[in-house]
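The residues making up each chain are set out below.
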Amino acid sequence: MTTDATNATIAPHGGTLVNLLVSGSDRDRAIEEAANLPKLVVNERELSDLEMLAVGALSPLTGFQGEKEHRSILESMHLTNGLPWTIPVTLSLTDDDVKRVGGTEAVALVAEQGGRALAIVEVDEIYKRDRHAEAIGVFGTDDPAHPGVEALHAAGEYCLAGDVRAIELPAHDDFLGYRRTPAEMRAAFAERDWKTVVGFQTRNPIHRAHEYIQKCALEIVDGLLVHPLMGATKGDDVPADVRMRCYEVLFADYYPKDRAMISVFPAAMRYAGPKEAIWHAIARKNYGCTHFIVGRDHAGVGDYYGTYDAQKIFDEFEPGELGITPLRFEHSFYCLRCEGMASPKTCPHAEEHRVILSGTKVRQMLRGGERPPQEFSRPEVADILIEAMRSS
Ligand SMILES: [Zn+2]
């Protein structure tokens, strides 16, 4: 159940790095057992959650959460044992599923009909979720146009809770060299003798502003983990493979090899803004990060959240309660008068001297085959994005 984390930069959330993957004869027995259990096809988001649970990214959770935990999280941002937690990790069931699996002691999870069993979930409880309370509690809105609320309503109205025994991780055919579990990530940090590591969450290509923020953070810690989210995102976000090519060209020429790493974060996006910022930080703590970058509108979408809500929410926890240290950053830009990257915190000059482009403007330029100014985006990155738009 646990793995050695004594050489760790920081203790996992709750103190124990969970590992739900069974091995050896336990695994053989689980495969045999799963063959006779009702099968449950999980959706893409739940598949990501299963992987996150299995590898310990969601430590101390050992399975999908029950109604009491669910309510505790929504009402208090804490688990019933008092640990901070902001987004319930659930396994949804439709009415038909409930009829089919009701009364069984365990179910086997599969990625698709007829697929191999990935995990067994012991059925502790099946409960009806309060979708309205969950929408408000997690996303701060019940607007069905919000992608997280939309996903919540698309999922079954019931939840199955119980401990997980993972037989194998969901199959991936991409970024294999970048997929590291929290235990592997911790080992990599130890190997490099990093005592402090800053994690950077992203679901976008990295432009100069983000590179600047990462490097500002790296000035005060030993290592940087660029940890792009590669689970499900909105259809209009830049595809994962294109983003990865952008990260690779940057790392090839602009990041110190002994101080920075890229690895894949297998989570799916919720777009829950502040609640997701905390959830992202806790997961990165499990991966061994001591610090976590929180920029403007972290995990936001549309105008559902205030620009700095995702930073302010960290103040709602007692000092030390989260363990990981948030590093809060302002919007940054290249300033022609400063002749360097800067932010409103460091640059005294007027707007007209700052190279600031809206997301819409940048997309428009890229789509037209035009590189944004190199003070905004490195040409290597711009070229990849232009090429991707041309072929899409
Ligand atoms: Zn300036």
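Each remark here, short or long, concerns the structure printed above.
The rules behind each value
- Residues numbered from 1 in each chain as written.
- Predicted model: local features only at pLDDT ≥ 70, side-chain atom pairs only at ≥ 80, totals over all residues.
- Heavy atoms only, no water.
- Pairing = 2+ DSSP bridges.
- Helix = DSSP H or I, 4+ residues; strand = E, 2+ residues; numbered from the N terminus.
- Axes fitted to C-alpha atoms, helices over the stretch in contact; angles between N-to-C directions.
- 1 Å grid on protein atoms, 1.4 Å probe; cavity = no way out; pocket = protein on both sides within 12 Å on 5 of 7 lines; lining within 4 Å.
- Points joined across faces, edges and corners; volume = space filled by probe spheres on them.
- Nonpolar A, V, L, I, M, F, W, Y, C, P; charged D, E, K, R; others polar.
- Contact = heavy atoms within 4.5 Å.
- Buried < 20%, exposed > 50% of the residue type's maximum accessible area, 1.4 Å probe, protein only.

(A) Quick peek at the sheet that holds strand 10 (residues 260–262). Strand order in the open sheet made by the five strands is 10-9-8-11-12, with parallel pairing throughout. Looking at strand neighbours, the two that pair on one side only are strand 10 and strand 12 (325–328), the edges of this open sheet. Taking each pair of neighbouring strands and ignoring which way they run, the sheet shows an average axis angle of 25°. Pairing of strand 11 (residues 291–294) with strand 12, which is carried by four bridges, proceeds in the parallel orientation.

(B) Structural context of the sheet that holds strand 13 (residues 333–335). What the three strands build is an open sheet, ordered 14-13-15; its pairing is antiparallel. Strand pairing shows two members of the sheet lacking a second neighbour, strand 14 (340–342) and strand 15 (354–355), which therefore form its edges. Across three bridges, the pairing between strand 13 and strand 14 is antiparallel. Across the sheet, Tyr334 pairs through a bridge with Met341, a residue of strand 14.

(C) Region of the structure containing the layout of surface pockets. The calculated volume of the second largest pocket comes to roughly 540 Å³. Looking at the lining of the second largest pocket, the elements with two or more residues in it are helix 2 (44–55) and helix 9 (240–254). When residues of the lining of the second largest pocket are assigned to their parent elements, the largest contribution, four residues, is made by helix 2. The residue inventory of the lining of the second largest pocket, partitioned by class, reads twelve nonpolar, six polar and ten charged.

(D) Fine view of the environment of Leu74. Relative to the helices and strands, Leu74 resides in helix 3 (residues 67–76). Residues Leu74 and Ile87, 13 residues apart in the sequence, show an inter-C-alpha distance of 7.6 Å. Excluding residues within four positions of it along the chain, Leu74 makes contact with Pro88, Ala133, Glu134, Gly137 and Val138.

(E) Region of interest: unusual backbone geometry. Ser59 connects to Pro60 through a cis peptide bond whose omega is 10°. You can see Pro60 is positioned in the loop between helix 2 and strand 2 (63–64). Positive phi outside glycine occurs at Asp193, with the angle close to 60°. Checked against the element boundaries, Asp193 lands in the loop between helix 7 (182–191) and strand 8 (197–202). Exposure remark for Asp193: the relative accessible area of 52% places this residue in the exposed category.

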